[in-house]
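# Tertiary structure, described
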Amino acid sequence: MIIDILLRKSDTLTGACRNHLENLKTYLINNNQTTFTNSEIRRNLRIKESTLRWYHKQLLAENYIHRIKKAKTKSYCFEIVDLGEYDNLRKQIDKALQDCIDRIKGKK
């Protein structure tokens, strides 16, 4: 479908990294969590350590996730910045396409 193609092309993430982020969101929602650790995600989503580091490097650089330092343990965990960002992007694309269709229909 054209919307899916436009959605992937307008995304700042690679397809594999986007798939990881969406899997991560699903995991967090299903487990009623907001934060996660690398080891937890490696274990539960079965991702190689080097691959996970690469995904998280991309996600951190694009501000999809941020690192949080826990005060008690002085260890780090991560949090997704906006769980609904992909849905918002989809809505923007839907609206832009609908505006184009409306303009075309109005010119006939």
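Read on for an overview of the structure. (Residues numbered from 1 in each chain as written. Predicted model: local features only at pLDDT ≥ 70, side-chain atom pairs only at ≥ 80, totals over all residues. Heavy atoms only, no water.)

## Regarding the overall build of the protein chain
When you go through the protein chain residue by residue, the secondary structure sums to five helices and three strands. Listing the helices and strands of the protein chain from first to last along the sequence gives α-α-β-α-α-β-β-α. Its C-alpha radius of gyration of 17 Å places the protein chain more than 25% over the 13 Å reference for a compact globule of 108 residues. Based on the C-alpha atoms only, the size of the protein chain along its principal axes is roughly 65 × 25 × 25 Å. When the 108 residues of the protein chain are sorted by exposure, 28% land in the buried category. Here the analysis covers contacts within the protein chain between residues at least 6 apart in sequence; of these, 52% occur between residues at least 24 apart. In the form shown here, the protein chain has an accessible surface area of approximately 7,700 Å², with 52% of it arising from carbon and sulfur atoms. Treating the 22 positive side-chain charges of the protein chain as one cloud and the 13 negative ones as another, the clouds have centres 6 Å apart. (Helix = DSSP H or I, 4+ residues; strand = E, 2+ residues; numbered from the N terminus. Rg over C-alpha atoms; globule rule 2.2 N^0.38 Å. Buried < 20%, exposed > 50% of the residue type's maximum accessible area, 1.4 Å probe, protein only. Contact = heavy atoms within 4.5 Å. Areas by Shrake-Rupley, 256 points an atom, 1.4 Å probe, with all protein chains shown as cover. Lys, Arg positive; Asp, Glu negative; His and termini not counted. Charge placed at Lys NZ, Arg CZ, Asp CG, Glu CD.)

## With respect to the packing of helix H2 (residues 15–30) against helix H4 (residues 49–61)
Relative to each other, H2 and H4 sit at 90°, their axes nearing to 10 Å. It follows that H2 is roughly perpendicular to H4 by the angle criterion. On the side of H2, the interface is formed by Ala16, Cys17, His20, Leu21 and Leu24, while H4 contributes Leu52, Tyr55, His56, Gln58 and Leu59. (Axes fitted to C-alpha atoms, helices over the stretch in contact; angles between N-to-C directions. Parallel < 35°, antiparallel > 145°, perpendicular 65-115°, else oblique.)

## A few points about the pattern of salt bridges
Within the structure shown, the criterion is met by six salt bridges. Among the salt bridges present, the one from Arg18 reaches Glu22, with a minimum N-O distance of 2.9 Å. Taken together, the positions of Arg18 and Glu22, both in helix H2 and four residues apart, correspond to about one turn of that helix. Assessed through its relative accessible area of 24%, Glu22 is described here as partly exposed. Salt-bridge contacts for Lys25 lead to Glu22; the nearest nitrogen and oxygen are separated by 3.1 Å. With Lys25 and Glu22 both in helix H2, this residue pair falls three residues apart, about one helical turn. (Salt bridge = Lys/Arg side-chain N within 4 Å of Asp/Glu carboxyl O.)

## Concerning the pairing of strand E2 (residues 65–69)
Regular strands show a simple pattern: their side chains alternate between the two faces of the sheet. Two elements, E2 and strand E3 (residues 76–80), share five bridges in a ladder whose sense is antiparallel. Residue Lys69 lies in a different strand from E3, and its bridge partner there is Tyr76. (Pairing = 2+ DSSP bridges.)

## Points about H2
Over its 16 residues, H2 runs 22 Å from end to end, which matches the ideal 22 Å to within 8%, given 1.5 Å per residue. Burial in H2 covers these residues: Cys17, Arg18, His20, Leu21, Leu24, Lys25, Tyr27 and Leu28. Asn32 sits one or two positions beyond H2 and adopts a positive phi of about 55°. (Expected span 1.5 Å × (residues − 1).)

## Focus: the nonpolar core
Counting residues in each nonpolar core, the largest one holds 16 residues, and the members touching the most others are Leu13, Leu21, Phe36, Ile41, Leu59, Ile65 and Ile80. Those elements giving two or more residues to this core turn out to be H2, H4 and E3. Looking at this core element by element, the count peaks at five residues for H2. When residues no more than four places from it in sequence are discounted, the contact partners of Leu21 are Leu13, Leu59, Tyr64, Ile80 and Glu85. (Core = buried A, V, L, I, M, F, W, Y, C linked by side-chain atoms within 4.5 Å.)

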